[in-house]
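Fold and contact review
Each chain, letter by letter, is given below.
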Amino acid sequence: MKTRRIRIKIAEFLKENGPQPTYAIQDYINECMRHGTTSQQLGNCLSKDKRFIKVGAARRNGILSGGYEVCVWGLNEEESLEPLNHS
């Protein structure tokens, strides 16, 4: 799977830091991985993987556009973190 390492890093980040907005997750991935990720790829990883759930929304202020909402993601307690290698 192309995004396996990204998904593992996301799960570790959310386990250590609790629920985080999408932009914080992307910043973390881009800092710790050589090639990083795009916002579209990250959005697909977060929405398609059952280990991650939306827990709310956060308001982000933009320079040009005023403000907008981004999703806040957390770990799904029902899904085990063990199948990281199978997803």
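Above this note sits the structure.
The structure reproduced in this document is the subject of the present report. Starting from 1, residues in each chain are numbered consecutively following that chain's sequence as written. Selection of residues for local features in this predicted model requires a pLDDT of at least 70, selection of side-chain atom pairs for listing and counting requires 80 or more, and totals for whole chains, interfaces and linings are taken over all residues. Values shown for side chains rest on all heavy atoms present in the structure; no hydrogens or waters enter the calculation.

1. With respect to the pattern of salt bridges
Operational definition: The working definition used for a salt bridge is a side-chain nitrogen of Lys or Arg within 4 Å of a carboxyl oxygen of Asp or Glu. Burial classes: relative accessible area under 20% of the type maximum marks a residue as buried, over 50% as exposed, and values in between as partly exposed (1.4 Å probe, protein chains only).
The full count for this structure, using the stated rule, is two salt bridges. With a closest N to O distance of 2.3 Å, D49 and R51 form a salt bridge. The pair D49 / R51 is uniform in exposure class, with both members buried. When salt bridges with common partners are traced through the structure, they connect R7, D49 and R51 into a single cluster.

2. Let's talk about the environment of N44
Convention followed: A run of H or I in DSSP counts as a helix once it spans at least four residues, and a run of E counts as a strand once it spans at least two, with each numbered from the N terminus.
With respect to the helices and strands, the residue N44 is situated in helix α3 (residues 39-48). Taking the relative accessible area as the measure of exposure, N44 reaches 43% and is therefore partly exposed.

3. Quick notes on helix α1 (residues 4-17)
For clarity, the threshold we go by: Helix span is expected to be 1.5 Å times the residue number reduced by one. By arc we mean the arc of the directions from the helix axis to the C-beta atoms, nothing more.
The terminal C-alpha atoms of α1 lie 20 Å apart, and with 14 residues this matches the ideal 20 Å at 1.5 Å per residue to within 8%. Every buried residue belonging to α1 is among I6, R7, I10, A11, F13 and L14, and all of these are buried. Taken down its axis, α1 places every buried residue within 165° of arc, on the same side. Along α1, exposed side chains directed more than 90 degrees from the buried face belong to R5, K15 and E16.

4. A few points about the packing of aromatic side chains
As a reminder of what qualifies: Aromatic rings from Phe, Tyr and Trp, with only the six-membered ring used for Trp, were paired whenever their centres fell within 6.5 Å, and each pair was classed as stacked if the ring planes differed by under 30 degrees, edge-to-face if by over 60, and tilted otherwise. Placement of a positive charge over a ring is assigned whenever Lys NZ or Arg CZ falls within 6 Å of the ring centre and within 35 degrees of the normal to the ring plane.
Counted under the stated rule, the structure contains one aromatic pair. Both rings, one in F13 and one in Y28, keep their centres 4.4 Å apart while their planes meet at 15°; by these two values the pair is stacked. With F13 in helix α1 and Y28 in helix α2 (residues 22-32), the pair connects residues that are 15 residues apart, well separated along the chain. By relative accessible area, which is 9% here, F13 ends up buried. Note that R60 overlies the ring of Y23, its terminal NZ or CZ placed 3.9 Å from the centroid.

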